[in-house]
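The lines below spell out each chain.
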Amino acid sequence: MKAAVLSALLAAEPPRFPAFQVRGLAGSSFKHEHLATILEDGRQGGFFEVHAENYMGAGGPPHRAMEALRRDHPISLHGVCMSIGGPEPLDTAHLARFRTLVERYEPALVSEHLAWSTHQSTYFNDLLPLPYNEATLGRVCDHIEQVQDAIWRPLLLENPATYLAFRESTMGETEFMRRVAERTGCGLLLDINNVFVSATNHGFSALKYLADFPLARVGEIHLAGHAEQTDDEGDLLLIDSHDGPVADAVWKLYQVIIERCGPVPTLIEWDSNIPDWSILKAEAVAAQAILDRYQGEARHAAA
């Protein structure tokens, strides 16, 4: 789906794209161990994100849980295995399952990663980095257009956390993502923790990166925790681990971005060392407080 066609579709049929359901809201990753508590609490004020690959079976407990959650809450559908940046054609069976999920649950947001994870018949359980050059740009754009043609709506593309850079790169990550969005009409998912992790690992300024990021294209924000390690030279190495609370430095970057972008839907990711629901919910409440403060200030300024 070319950018011009997608833009015309968005203008002509806004009801097909329910992103307005989550504007100004914070949400959290959905974990099955939290379902009973979430249902007991009743409707939450925010939304939940689910990993698409966990729901690609025809039915069973995963879908019963999703249906219970979806009755009262908007859903963000987040793919982790599409291999958007891979050198080979997309897996059409996987894409068909992805499309079925979009049709079945009508998520408010749909996203995938700027990464690759497959080679020939081998799947790597990781989100692997890409060189940023013209060849990669063409391949990524072709794959995004294929996905958007299948789901008939815009995809949000997430910036990666990286631990190495390629000599073959001829442009920076922010330029690459800008050109992808311009060519395909896709939106962007800005993962601020990924920015902080990459900036620390590669020694660049997170603030400068964000100043150059195409913020007008951002349709969702991710926040998450990271782990500290050291590399072989003893230097600090951050890992995008999603196993703890959001770091103070990431919260500060988030406040800067909300002041620039407005109340972009924000998702707290927590994928291992899963805490009690009350702890994860408190992280989402903290993000919601920042969104609410911005919206209150904006209303006051307009009055």
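Structure: see above.
Sequence order sets the numbering: in each chain, residues are counted from 1 along the sequence as written. Given that this is a predicted model, residues contribute local features only at a pLDDT of at least 70 and side-chain atom pairs are listed and counted only at 80 or more, while totals for whole chains, interfaces and linings are drawn from all residues. Hydrogens and water are ignored here; the side-chain numbers use all heavy atoms of the structure.

Draft legend 1. Representation of the sheet that holds strand S1 (residues 26-29). Two strands qualify as a pair provided DSSP detects at least 2 bridges between them. Helix numbering and strand numbering both begin at the N terminus, where a helix is a DSSP run of H or I of at least 4 residues and a strand a DSSP run of E of at least 2. Pairing within the closed barrel is parallel, and its 8 strands lie in the order S1-S2-S3-S4-S7-S8-S9-S12. Put simply, the sheet's adjacent strands are angled 30° from each other on average, direction ignored. Note that strand S9 (residues 218-224) and strand S12 (residues 266-269) share 4 bridges and pair parallel. When the bridges of S12 are listed, histidine 222 appears paired with leucine 267. Two residues form a contact once any of their heavy atoms are found within 4.5 Å. Every angle, taken between N-to-C directions, lies between 0 and 180 degrees, and every axis is a line fitted to C-alpha atoms, over only the stretch in contact when it is a helix. Relative to strand S8 (residues 187-191), helix H7 (residues 192-202) is tilted by about 60°, and along the sheet it contacts strand S7 (156-158), S8 and S9.

Draft legend 2. Quick peek at the nonpolar core. In plain words, nonpolar cores are sets of buried Ala, Val, Leu, Ile, Met, Phe, Trp, Tyr and Cys residues tied together by side-chain atoms within 4.5 Å. Each residue gets one of three labels from its accessible area relative to the maximum for its type: buried under 20%, exposed over 50%, partly exposed in between, using a 1.4 Å probe on protein chains only. In terms of nonpolar packing, the biggest core is built from 70 residues, with Phe98, Leu190, Ile221, Leu223 and Tyr254 touching the most fellow members. For this core, the element with the most residues is helix H5 (residues 134-151), which contributes 7 residues. Leaving out residues up to four positions away in the same chain, leucine 190 has contacts with Asn159, Val195, Leu210, Phe213, Leu215, Val218, Glu220, Ile221, His222 and Ile257.

Draft legend 3. Representation of the packing of H5 against helix H6 (residues 173-184) in the model. Put simply, H5 and H6 touch, their axes get as near as 10 Å, and they point 40° apart. What the angle tells us is that H5 and H6 run oblique. Relative to H6, the crossing made by H5 is right-handed. Taken together, the residues of H6 that come into contact with H5 (itself represented by Glu134, Thr136, Leu137, Gly138, Val140, Cys141, Ile144, Glu145 and Gln148) are Phe176, Arg179, Val180, Arg183 and Thr184. Here the term charged refers only to Asp, Glu, Lys and Arg, the term nonpolar to Ala, Val, Leu, Ile, Met, Phe, Trp, Tyr, Cys and Pro, and the term polar to all other amino acids, Gly among them. Tallied by class, residues from the contact of H5 with H6 come to 6 nonpolar, 4 polar and 4 charged. By the definition adopted for this analysis, an angle is roughly parallel if under 35 degrees, roughly antiparallel if over 145, roughly perpendicular if from 65 to 115, and oblique otherwise. Left-handed describes a crossing whose near helix is turned anticlockwise from the far helix through less than a right angle; right-handed describes the clockwise counterpart.

Draft legend 4. Quick peek at helix H3 (residues 61-72). All of the buried residues in H3 are His63, Ala65, Met66, Ala68 and Leu69. On its buried face, H3 sits against helix H2 (35-41), strand S2 (47-51), strand S3 (75-78) and helix H4 (92-105).

Draft legend 5. Here's a closer look at H6. If you check H6, its first and last C-alpha atoms are 16 Å apart, about what 12 residues at 1.5 Å a residue would give, namely 16 Å. Looking at H6, one finds that the buried residues are Glu173, Thr174, Phe176, Met177, Val180, Ala181 and Thr184. All buried residues of H6 lie within an arc of 160° about the axis, which places them on one face of the element. For a helix, the expected span equals 1.5 Å multiplied by the residue count minus one. Here the arc refers to the directions that run from the helix axis out to each C-beta atom.

Draft legend 6. The environment of glycine 57, seen in detail. With respect to the helices, strands and loops of the structure, glycine 57 is situated in the loop between S2 and H3. Through-space distance from the C-alpha of glycine 57 to that of aspartate 212 is 40 Å; in sequence the pair is 155 residues apart.

Draft legend 7. Quick peek at the packing of aromatic side chains. Between rings of Phe, Tyr and Trp, where Trp is taken as its six-membered ring, a pair exists when centres lie within 6.5 Å; planes separated by under 30 degrees are stacked, by over 60 edge-to-face, and by other angles tilted. Counted according to the given criterion, the structure contains 6 aromatic pairs. When the centroid spacing of 6.1 Å and the interplanar angle of 65° are considered together, the rings of tryptophan 251 and tyrosine 254 count as edge-to-face. In this pair, tryptophan 251 and tyrosine 254 are both assigned in helix H9 (residues 248-261), 3 residues apart and thus about one turn of the helix distant. Among the aromatic residues, those joined into a ring-pair cluster are Phe30, Phe48 and Trp277.

Draft legend 8. Representation of unusual backbone geometry in the model. Positive phi outside glycine occurs at serine 83, with the angle close to 55°. Considering the arrangement of structural elements, one finds serine 83 in the loop between S3 and H4. Residue histidine 242 is not a glycine yet carries a positive backbone phi of 55°. Among the secondary structure elements, histidine 242 is positioned in the loop between strand S11 (236-239) and H9. Taking the relative accessible area as the measure of exposure, histidine 242 reaches 10% and is therefore buried.

Draft legend 9. View of the pairing of S1. The sheet contact formed by S1 and S12 spans 3 bridges and is parallel. In the sheet register, alanine 26 faces S12, and the bridge partner there is threonine 266. Of the pairings in the sheet, the one linking S1 to S2 comprises 3 bridges and is parallel in character. Within S2, the residue paired with serine 29 across the bridge is glutamate 49. The crossover handedness rule: strands pointing away from the viewer, path from first strand over the helix to second strand clockwise, crossover right-handed. Handedness of the S1-H2-S2 crossover: right-handed.

No statement about biological role is implied by the geometric values presented.
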